[in-house]
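# Structural description and commentary
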Amino acid sequence: MDAQMAAPVRREGPRLRLPPAVRSQQILDAALAVFAERGYAAARMDDIALRSGLSKGGLYAHFASKDEVFEALLSRVLVAPELGEPPAAELGVGVLVDWLLDELEASFGRPELRTVLRLLVAEAERVPAMVARWRSAVIEPFLVAVGELLARHLGDQRPDTATPLLAREPWLALSPAVHALLMQLVLPEHLLYPPERIRQAHRELLLMLMARG
């Protein structure tokens, strides 16, 4: 039997009386760790209760099933990234590109996101409604926000031209970051490109595309 699968899930300290909302988040933290270690199929509610420092009955007071825990975890993590305040257009395209790359790194670089995406890919057939909701409530709004940002900036630079390619197809602006995230999901760390190489290539690509419009 696999040693990792057979290892007991340890209880994380004594049980404390917490408000229900706080306790629910603690349970989801525990569930994320259990799912990451064992996978969804092998994880049990007993494991999550133990990692949470709860009895099984205490866990069921918050979540009726493992599926419910899983869906709550997906809902917590798979939220649309919020873009910060972009730099002024007069500072130039290079400053905007660096700002956008910083925003993408902050959004895509969360270890919690990578763990949940691995689970979502593995369990997509189990939660098709959640996958569809992720696309409609997270991916599409973020693409719209990026497209509008690029349209405003590029429109300020070249007001008399047609809508630039990146504004029409903003997923192109994100593609290198999405590719890097996908590689992190499927490859061991020693086979990954260095982050600085990915960022530099992404930066050069965006500068080239934004110069062409």
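These numbers come from a predicted model, not from an experiment.

Our next topic: the nonpolar core. Nonpolar side chains tend to gather and get buried jointly when the protein is soluble and globular. Formed by 49 residues in total, the largest nonpolar core has its most connected members in F35, I48, V69 and L74. Contributing elements (two or more residues each) for this core: α2 (20-42), α3 (45-52), α5 (66-77), α6 (93-108), α7 (111-122), α8 (128-157), α10 (171-186) and α11 (195-212). Excluding residues that lie within four positions of it along the chain, L74 makes contacts with V116, L120, V127 and M130.

This structure, assessed with the given rule, holds 11 salt bridges. The residue D47 makes a salt bridge to R44 at a minimum N-O spacing of 2.9 Å. Judged by relative accessible area, D47 falls into the buried class, the value being 3%. In this structure, the salt-bridge partner of R203 is D98, at a minimum N-O distance of 2.6 Å. With R203 in helix α11 and D98 in helix α6, this pair connects stretches of sequence that are 105 residues apart. On the basis of relative accessible area, R203 is assigned to the partly exposed category, the value being 24%. Judged by its relative accessible area of 25%, D98 falls in the partly exposed class. Linked by salt bridges that have partners in common, D29, R76 and E112 make up one network.

Quick look at the packing of aromatic side chains now. Under the counting rule described, the total for this entry stands at 3 aromatic pairs. With a centroid separation of 5.4 Å and an interplanar angle of 40°, the aromatic rings of F35 and Y40 are classed as tilted. Residue classification places F35 among the buried residues on the basis of a relative accessible area of 1%. Note on Y40 and F70: the rings are 4.8 Å apart at their centroids and 50° apart in plane angle, and the pair reads as tilted. With a gap of 30 residues between them, Y40 in helix α2 and F70 in helix α5 connect regions that are remote in the sequence. Judged on exposure class, the residue Y40 and its partner F70 are both buried. An aromatic cluster of three or more residues is present, and its members are F35, Y40 and F70. Seen from the ring of Y40, K66 lies directly overhead, with NZ or CZ sitting 4.4 Å from the centre.

Each value, and the rule that gives it
- Residues numbered from 1 in each chain as written.
- Predicted model: local features only at pLDDT ≥ 70, side-chain atom pairs only at ≥ 80, totals over all residues.
- Heavy atoms only, no water.
- Core = buried A, V, L, I, M, F, W, Y, C linked by side-chain atoms within 4.5 Å.
- Buried < 20%, exposed > 50% of the residue type's maximum accessible area, 1.4 Å probe, protein only.
- Helix = DSSP H or I, 4+ residues; strand = E, 2+ residues; numbered from the N terminus.
- Contact = heavy atoms within 4.5 Å.
- Salt bridge = Lys/Arg side-chain N within 4 Å of Asp/Glu carboxyl O.
- Phe/Tyr/Trp six-rings, centres within 6.5 Å; stacked < 30°, edge-to-face > 60°.
- Lys NZ or Arg CZ within 6 Å of the ring centre and 35° of its normal.

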